[in-house]
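Residue strings, one per chain:
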Amino acid sequence: MKRRKLIRFLLSVTMTALVCITSPVIPQIATASFPSLEEQARSHYTRQKFSEAAQLFQQAAQNYKTAGEPIRQSLSLSNLSLSYQQLGQWEKANQAVIESLSVLESTPENMPGRSLAIAQSLDIQGSLQLARGQTNAALETWKQATDIYQKEGKRDRALVSQTNQAQALQNLGLYRRAIETLDQALTLKSREKAEPLKIALQTVTSTSETANALRTLGESLRVVGDFPQAKLVLERGLTIATELKLTDTIALTQLSLGNTLRAQGFGNPKPAEADLQAALTYYQQAASRPGNLRVQAQLNQLSLLLDKQKSILNDTQRAESEKQTAARKITTAIEQLTPQIQTDIEALPPSKSAIEARINLAQTMMQMQQNPRSIATSLAIAVQQSEALGDPRTQSYAIGSLGSVYEQTEQWKEAEQLTNRALALAQQINAGDIAYRWQWQLGRILNRQKNRSDDAILAYQQAVATIKSLRADLAASSPDVQFSFRVAIEPIHRQLVSLLLKSNQKERLQSARKVIEALQLVELDNFFREACLTVNEKQIDKVAQDAAVIYPIVLDDRISLILSLPGAKETDEPIQVYHETKVSQKEVETLILKLRDGLDGRNTLETTLPRLQTVYNWLIAPIKADLAKRNVKTLVFVPDGALRAIPMSALHDGTQFLIEQYSVAITPGLQLLSPKALNTERLNALVAGLTEARSNFEALPAVKTEVQAIQKELPSEVLLDGTFTTKKFESRVSQASFPIVHLATHGRFGSRKEDTYILTSDGQINVTDLSSVLQTIDLSKQRSLELLVLSACETAQGDPQSVLGLAGIAVQSGARSTVATLWRVNDEASAKLMEVFYAELAKINQTGISKAEALRRAQLAILNDEKYEQQPFFWAPYILIGNWT
């Protein structure tokens, strides 16, 4: 690549978020019985002539001071602050609102209008604090204002302050608290199912305050992944705003609806075209408003077009000519839109949102590989404006973004200096959500310089440590202001692992293992959209002397294998062994996808075996001799990436399947529950199942046989067909202690929690509700949930991340062990396999075998049955997740 030099800008900068999709509810002009002068000021403000408005408000405040009218003086000062805020004159705005509050504090407490005037000044002070990045201060200020409004019986004004609180909570990443705040204010239960919510929404009053509150609530619901509820809430808000002709609120709600439909459209492996087109329409409608709203809508439109183009080009099911035609059409739209946005941004007065828009466009243009010089020039303006603004977050973000331009042009010295300055600013204000990005950027820059690999590793390690400290915030972070998991969090971990593994040092092998385990944890947080998993730092390679732990890590150009073997004695530290196989990530993912498609019964054994042997040669052949030396009986995999989609038990060495040689288990690596062997004394089970067809799922007549087999081996309570309702299941789990819960019903696992559920006779239970119900066993009873069995479930085909649903329910339910299926199983084979599995479990106290060995024996019973011709389809989908002992 030809190296292009950029103009050198001498800077001192910091960082902020991307263009915010939500805007704070700007306080209304504080009112009193205004004489002519103040009426003129309000008229200028309404027509966005803020300089003229400021002059008149200042003159009115002085007149009221001379006349001895402190309440009206304070209101004029508050409005003066608001005018200065619109002009981006932050220090003057701050002085005006402080003076307003000072005037009020010196007045008698019983003076008429004093309390409301204080509340209005606090509202305006809160908006100033939020605009300057002082989010926690803004939250506390708005709480004070809400208390006053409620005491004065001003419900509408209280709702405005509560909406502002919710937006401050959004800025802090606390979206669930934002939802709770507005649910309480609006008397809603927004996370209920669609019909009850739709009915409740019709009862909310049609006011401008309600319309703004619904928009803010819809935004929070979108961020936590409740798209249907978000859409309902936003549509009701749009209806109210349209009825009342609230033009700005209409545009903002259209933006929010566009974002919701966009998130919903891209939320599946195959994007939903109807949702994306509807999102584009909403953005185009919102762009009819002038100023910041227009720019905001255009930037979202541009981003969506780029994502659509990328999705089209990556669509393997489209013909190449069709892809190129569709991509060219989008390119034309992008080329027309980009200069319009540039022109509109230049016309904006300096403000936080204008700076964010400039940075947003610059980053998008970098993705489009446009001229780095023009991008750097625009970012230099953003740096200067952010310094004048005095907001360190925005400053840091502008400087760091400029540093990334220098990184792109390989000017390493300048890139390093800018990134360090951006990082310092982020750290000064404890903005970890910004700092980890610059630590990552610094690591990339250092890694490209000679003899700086140790420095690069340190920067990457600091980024991972920051991410770990931010688990809760990142899990609930807004897609509008945070890099997505795939774009940032995952690459940071993988790139660090790659650097660590370049040196075969024992300490670095251990570090690499911890990094990949940390990635697994953050990935599950991302799935649930909350940091809901508690880690018990139990080293899994010290659980059993006959078990080896295998970490196959898929990197860009290789599979790295970290093997942890038991020491010679139980007290010895595990032995770490490292191997690597040269194969590209793309090659791995392509083969795994073909293999997974063939394993579920569509290909013959002759077609499938060569692929299973290839994966065996990648993962097992390099460590076969190491395993033999230590007399290993159980292989515990911490699978990574695409490798999660296939059952390791089905790998084949050319003679035997892996399950014929070893017991096999899966674990996320981090031991979330202390390992403990199953004790069958007083063991009982809750068994629930469906034999009848439901929706697009076929009947499972052999479930009845499966249930009877379990009853034969263990004392069991059964909920079958009509008795297996959601309510009855939840009731039985909460009222009795069941160490084993067996669900013989169709279920589906996806890469999003919204796509992960099991069927009941009267509907479905989603992963969050199921996990919550099962957790009551641990929370309220002396015995824990030892084993969860999901015997008729499947992972979403074509979605390489769908196994997250399985891992998610296994981990969050609190079950020590989970047995589940990767694809829709044969009903008859499943019944027989479960009969053998429970027969082996019932004898564990006598035989001393592990749960993994019990499952292995059950799988071998099907494998060796001539009726099933050794086809992995019948026996291989069963995997044991978690505690294998």
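In case you missed it, the structure is sitting above this.
Calculation criteria
- Residues numbered from 1 in each chain as written.
- Predicted model: local features only at pLDDT ≥ 70, side-chain atom pairs only at ≥ 80, totals over all residues.
- Heavy atoms only, no water.
- 1 Å grid on protein atoms, 1.4 Å probe; cavity = no way out; pocket = protein on both sides within 12 Å on 5 of 7 lines; lining within 4 Å.
- Points joined across faces, edges and corners; volume = space filled by probe spheres on them.
- Helix = DSSP H or I, 4+ residues; strand = E, 2+ residues; numbered from the N terminus.
- Nonpolar A, V, L, I, M, F, W, Y, C, P; charged D, E, K, R; others polar.
- Contact = heavy atoms within 4.5 Å.
- Salt bridge = Lys/Arg side-chain N within 4 Å of Asp/Glu carboxyl O.
- Buried < 20%, exposed > 50% of the residue type's maximum accessible area, 1.4 Å probe, protein only.
- Phe/Tyr/Trp six-rings, centres within 6.5 Å; stacked < 30°, edge-to-face > 60°.
- Lys NZ or Arg CZ within 6 Å of the ring centre and 35° of its normal.
- Arc of directions from axis to C-beta.
- Core = buried A, V, L, I, M, F, W, Y, C linked by side-chain atoms within 4.5 Å.

Chemist: Can you break down empty space enclosed by the protein residue by residue, with the values?
Modeler: One pass over the full model with this rule turns up five cavities of 30 Å³ or more. Considering the residues around the largest cavity, the lining is formed by 18 residues, among which Pro639, Arg644, Ile666, Val803 and Ala807 are closest to the centre. Among the secondary structure elements, those contributing two or more residues to the lining of the largest cavity are helix 24 (506-528), helix 31 (803-812) and strand 13 (878-882). Counted by class, the lining of the largest cavity contains 14 nonpolar, two polar and two charged residues.

Chemist: Hey, could you go over the side chain of Thr249 for me, with residue numbers and the actual values?
Modeler: Summarising the element assignment, Thr249 is placed in helix 12 (residues 247-265). Leaving out residues up to four positions away in the same chain, Thr249 has contacts with Ala211, Asn212 and Ala241.

Chemist: Give me the lowdown on the pattern of salt bridges, citing residues and values where you can.
Modeler: Counted by the stated rule, this structure contains 31 salt bridges. Between Arg222 and Glu219 there is a salt bridge, and its shortest N-O distance comes to 2.9 Å. With a gap of three residues between them, Arg222 and Glu219 both fall in helix 10 (residues 208-223), about one helical turn apart. Note on Glu219: relative accessible area 3%, which makes it buried. Members of the salt-bridge network, linked through shared partners, are Asp557, Arg558, Glu580 and Lys582.

Chemist: Lay out the packing of aromatic side chains in plain terms, naming residues and giving numbers.
Modeler: A full pass over the atoms with the stated rule returns seven aromatic pairs. Note on Phe724 and Phe729: the rings are 5.9 Å apart at their centroids and 70° apart in plane angle, and the pair reads as edge-to-face. Accessibility classification places Phe724 together with Phe729 in one group, the buried group. A ring pair is formed by Tyr868 and Phe874, whose centres lie 4.8 Å apart and whose planes are at 45°; its orientation type is tilted. For the pair formed by Tyr868 and Phe874, the shared burial category is buried. Over the aromatic face of Trp440 sits the side chain of Arg444, whose NZ or CZ is 4.5 Å from the ring centroid.

Chemist: Summarise helix 29 (residues 726-735); cite the residues concerned and give the values.
Modeler: Within helix 29 the residues assigned to the buried category are Thr726, Phe729, Arg732 and Val733. Projected down its long axis, helix 29 shows its buried positions confined to an angular sector of 140°, all on one face. Within helix 29, the exposed residues directed more than 90 degrees away from the buried face are Lys727 and Gln735.

Chemist: Could you give an account of the nonpolar core, with specific residues and numbers?
Modeler: In terms of nonpolar packing, the biggest core is built from 149 residues, with Leu619, Leu635, Leu651, Phe729, Leu743 and Phe837 touching the most fellow members. Once you skip the residues sitting within four places of it in the chain, Leu651 turns out to touch Leu612, Val615, Tyr616, Leu619, Ile620, Ile646, Gln656, Phe657 and Leu658. Grouped together as the second largest cluster of nonpolar side chains are 113 residues, Leu82, Ala286, Ala287 and Ala422 included.

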